[in-house]
Every structure is written in structure tokens, then in C-alpha cells.
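Notes for the structure review
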Amino acid sequence: MHAAMTDSGPAPDSVRLRLLYDLGCAFASQVQLDELSAVVVAKCREALDAEGAAILLHDEARGELYFPYVADEDPQVARRLLALRFPAGRGIAGTVLQSGRPLRIDDVSSDARFYSGVDRHTGLTTRSILCAPLRARHGTIGVIQVLNRRNGIFGDDDLAFLDALAGSVAVAIENARLYAQLRASAEQLAEANRTLELKVAARTQELRERNDDLERTLTQLKNTQQQLIVQEKLASLGALTAGVAHEIRNPLNFITNFAQLAGELTNELRAELDQHRDRFDPKALDNLDDTLSDLTQNVRKINEHGQRADRIVQGMLQHARPRTAERQNTDLNALLAEYVNLAYHGLRGQDATFNVTLESDYDPSVGAVPVVPQDIARAFLNLLSNAFYAVQDKKRRFGEGDGFSPTVRVQTNNLGDRVEVRIRDNGNGVPPADREKVFTPFFTTKPPGAGTGLGLSLTHDIVVQQHHGELRLDSEDGAYAEFTIVLPRSTTETGR
């Protein structure tokens, strides 16, 4: 064993064992089959002073031996050997593979069993060869061989060394193959994970899109449901209003008709009195004239207010008539101004002592807004009635001469894609505890009998649910209350 020689003779066994251990460690540290084969071949050439070395692995499926790696001083020889595949039962390597025992040949050219085959395949002039089987746990997986072009280079100790070394090589090759299998499995698993992740991402996206569609559909259904509820409320209110108006109209007709008849009788009575004035005492005649004048004036007032009440009833009936909830481009300033006057004169008709300062600031750029006019008018009327009630109630509590001036301010603003309506009064405001409940049905801050608690609830439904706008309350207890209505300009924003 030439690499294990010293100046004084053969290396001791301890040196050889140490070399086997070091080589075994070097082989075990390699996990790539190509890199392992290169290290094994290089170390074997170095340790055995060989001109060439090779590993041949057994391809059981094809019954062949092949070179996974070749190291030779002649690169062309190495390339030719890498391209060769041998039948597993032939040649030196095949013999060692089948027998499972190492083999040493001092001169291949003198051995008729192997010379012709090797020479035909490789064209080498190989003389000395060592070949050892690679014994693994489940059988022989190949062979390792070293060669030299000189006769008798290798001894029995070299063959034993190579055979011992082959055990470490076989284990390292098994580990490398196992690593390759694990790596391939890991790559397959990673690829499967990537494919699964893509499928999961695609499915998640699909579910997200479906969920978004369902949420949009649910939102549309909720909006439609709310609009139906609002329309049902408005229809119920319209039916109630129509019923009340019809009931009022009958006695009202009697009042106006009898007032007209009483006026005619008064005129007849005055004409009759004029014909017989000479029969009455002058003082009594003066009393009769005064009484007839008062009676005529009273009958005229009854008739005037009866006709006015009839017009109000007629307006109630017109508003109570069933209408489609189609939005119309409506001059919002004009509509608001009309119902400011209607609410004010309606309250004045109920209480002649009522007086309030009306302030208005209508933004002319507000223009036409797509709304359901009769419904938005109801909302305006409810808020205005509440504002007038608040300032009247505060005035009644403070009394005359206290310096309090009832004021209601109405303002519109153009916000671009939206319009804003503000109705502010300087009444007592809304207590903090009640501000979150003012839009709740049947909740009212008015004394019993003064309010039903439906006005603000209905207004909220009209503005928020039907027109998809906003209704806000800003108030300071004892100072003011301001309701703000924000309506979208585009019918697209209102869900239509």
C-alpha cells in the first residue's frame, strides 16, 4: 500500500485504521451522490497510489453497471467510461458484484477471463486492479475499483484496505441516495403545498367574492325592506289622515253652511229693522244696531275660518292620496319655504298669541334635488312643528318681559354631491339622556297628550331609510336644538 508507506517500511495497523476512520468521516459528510463519488475516487487514488479509480453502481431494473463518477489522469478516458454501461454479470466488476467478494489482479493482460472485455470497451492497457463490492443493508449495490498500468502494484493489504473502505463507501452511498429521495420528496411536497396554496387562495378569493355578492344582496334586501316599511308607515299615516279629514269635513260643512245661512238671516233682520226704526226707542235701537253688527262680524269670522279649515282639510286629503314613491327633481328651497309658512300659520291658527322670529338662509346653488316631495315635506313639517313648539314652550315658561325672543332659523347649503338642510330653534334643547332616543318610535319629550312620539321616528325613516340620507341632532340643554338633514344629489347613492 504505497500511500501508507514510511521510510522504514510498511505503515503500522494503527496508521491504516486511522486513515480508514478519516476517510469514513470524509465520506459520511457528503450527502450528494456526485460529490460523494468524486471524494471517494480522489481519496482512493491518493491512499492506494493508483492511477485511476471508479465506482460502479448496479442498476437493478436494467441489469447493468454504470459509472456515476470517474477520475482518471486522461480526461478522455474518464468521459468514455462515464458513457459506458456494462452487463451486471460480466467482467471484473460483474464477477465481484455477483460473488460479493473482493478481487485483486496483478496483470490483467495475462488473465484471459477479463482482458479481452476490458480492452474492447476501454482500450486501456490496465495491468493491476483492485475491486471490492459495495455491501449495503439490502445487498450489494455496486463495486469500487482502483487500477494501475503497472504489474503487481497492489498487495493483499491494499485489497483488505479497499474492502474495508468499501463498507464506509456503501453506507455513504445509501445515505446519499436516501438524502436524494428525501429531497425529491420534500420538493414534491413543496410543489404540492404551492399547488394547494394556489388552490386555497383561488378558493378563498372565490368565497370572498361570493361573500361580497351576498353582502351586497343582503344590503339591498335590507334597504328594500326598510323602504317598504317606510312606505307602509306612510300609507298607514295617509289612510289615518284621510279618515280624520273626512270625519272633520262633515261637521265643518255644517259650520260653514250654517254660518252662511246665519249671515243671510242677519242681513234680513237688519233690513226688517230698518223698515221699522220709527217704532223703537233710540237707545234701544242703538243697542240693536250694535248687537247686529257684532253678530254679522262673528258670523263672517266663522265663515272665514270655516273656509280656511276646509282648505286645510282639502290639503290633508291631497297629501293622503296614494302616490308612487318616485323621486322627482324638486326645488328644495321652494319646498322648504312653503312648509315653513304652512307650519307657522298652522300654529298661529291654533294659538293667536303665538309669535316667532323666522330667519332663513337659502343657498341658491342648492337647486333641484331628487326626492319624493310629499314625503320630504312631511319630514320638514315634523321638524318645524317641533321647533315652533320648543320656542313656544320656553316662552310660556319664562313669561312675558323676560327678554327671550323665540327664534327659528332655517338654512340650506350646497355640499357638492349632497345638500344640507338645518332647522334650529332657541328653545330648551334636548337633554343629553334623551338625545339617543329621540328617533325611537313613541318616545317623546313633550308632556302627555302633547305628542305621539311618531314624528321624529317617521322623519328618520323618510330621510335615512327611504332617501339614504343622514339625520343628526345637535343640542345644548337649555339653549338650542338643531336638526340637520343631509340628502344625496344622485339617485345612485339612494339605492335606485
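Description of the structure in this document. Just so you know, these numbers come straight off a predicted model, no measurement behind them.

Some words on the pattern of salt bridges
One pass over the structure, following the stated rule, counts 24 salt bridges. One salt bridge connects Glu 64 with Arg 62, and the closest N-O pair in it is separated by 3.5 Å. We note a salt bridge from Arg 104 to Asp 106, for which the minimum N-O separation is 2.6 Å. By relative accessible area, Arg 104 is classed as partly exposed at 28%. Looking at Asp 106, the relative accessible area reads 34%, which means it is partly exposed.

Looking at the packing of aromatic side chains
The tally for this structure, following the rule as stated, stands at 1 aromatic pair. With a centroid separation of 6.2 Å and an interplanar angle of 70°, the aromatic rings of Tyr 344 and Phe 388 are classed as edge-to-face. Of this pair, Tyr 344 sits in helix α8 (residues 332-350) while Phe 388 sits in helix α9 (residues 373-398); the two residues are 44 residues apart in sequence, bridging distant segments of the chain. Each member of the pair Tyr 344 and Phe 388 is classed as buried. The lysine or arginine in question, Arg 424, covers the ring of Tyr 480, its NZ or CZ lying 3.8 Å from the ring centre.

Topic: the sheet that holds strand β13 (residues 418-425)
If you walk across this open sheet you meet the 5 strands as β10-β12-β13-β15-β14, and the pairing is mixed. Of all the strands in the sheet, the pair left with one neighbour each is β10 (357-361) and β14 (470-476). Between one strand axis and the next, the sheet turns by 10° as a mean value, whatever way the strands run. Judged from the 5 bridges that link them, β10 and strand β12 (residues 407-414) form a sheet pairing that is parallel. From the neighbouring strand, Asp 361 faces β12, where its bridge partner is Gln 411. Together, β10, β12 and β13 form the strand contacts of α8, whose direction differs from that of β12 by roughly 170°. Across the sheet, helix α10 (residues 455-466) lies against β14 and β15 (480-488), angled at about 135° from β14, the strand it touches most.

Some words on the nonpolar core
Membership of the largest hydrophobic core comes to 39 residues, with the highest contact counts inside it found for Leu 332, Ile 376, Phe 380, Leu 384, Phe 388 and Ile 485. Mapped onto this core, the elements with two or more residues apiece are α8, β11 (368-371), α9, β12, β13, α10 and β15. Here the element with the most residues in this core is α9; it accounts for 9 residues. Look past the residues within four positions of Ile 485 in its chain and what remains in contact with it is Phe 380, Leu 383, Val 419, Glu 420, Val 421, Val 463, Glu 470 and Leu 471. Leu 36, Val 41, Ile 55 and Ile 144 belong to the second-largest nonpolar core, a separate cluster that totals 30 residues.

Comments concerning a negative patch on the surface
Together, Asp 281, Asp 286, Asp 290 and Asp 294 line one region of the surface with negative charge. By the element assignment, Asp 281 lies in the loop between α6 (156-275) and α7 (282-320).

Regarding α8
Between its terminal C-alpha atoms α8 stretches 27 Å, which fits the 27 Å expected from 19 residues at 1.5 Å a residue. For α8, the full list of buried residues reads Leu 332, Asn 333, Leu 335, Leu 336, Tyr 339, Val 340, Ala 343, Tyr 344 and Leu 347. Each buried residue of α8 lies within a common arc of 160° when the element is viewed along its axis, so the set occupies one face. Of the residues flanking the start of α8, the one acting as N-cap is Asp 331, its side-chain oxygen 3.3 Å from the backbone nitrogen of Asn 333.

So, how was this worked out
- Residues numbered from 1 in each chain as written.
- Predicted model: local features only at pLDDT ≥ 70, side-chain atom pairs only at ≥ 80, totals over all residues.
- Heavy atoms only, no water.
- Salt bridge = Lys/Arg side-chain N within 4 Å of Asp/Glu carboxyl O.
- Buried < 20%, exposed > 50% of the residue type's maximum accessible area, 1.4 Å probe, protein only.
- Phe/Tyr/Trp six-rings, centres within 6.5 Å; stacked < 30°, edge-to-face > 60°.
- Helix = DSSP H or I, 4+ residues; strand = E, 2+ residues; numbered from the N terminus.
- Lys NZ or Arg CZ within 6 Å of the ring centre and 35° of its normal.
- Pairing = 2+ DSSP bridges.
- Axes fitted to C-alpha atoms, helices over the stretch in contact; angles between N-to-C directions.
- Contact = heavy atoms within 4.5 Å.
- Core = buried A, V, L, I, M, F, W, Y, C linked by side-chain atoms within 4.5 Å.
- Patch = residues over 30% accessible without salt bridge, like charges linked within 9 Å, V, L, I, M, F, W, Y side chains within 5 Å.
- Areas by Shrake-Rupley, 256 points an atom, 1.4 Å probe, with all protein chains shown as cover.
- Lys, Arg positive; Asp, Glu negative; His and termini not counted.
- Charge placed at Lys NZ, Arg CZ, Asp CG, Glu CD.
- Expected span 1.5 Å × (residues − 1).
- Arc of directions from axis to C-beta.
- Polar contact = N/O pair within 3.5 Å; in protein donor to acceptor, adjacent residues only side chain to side chain.

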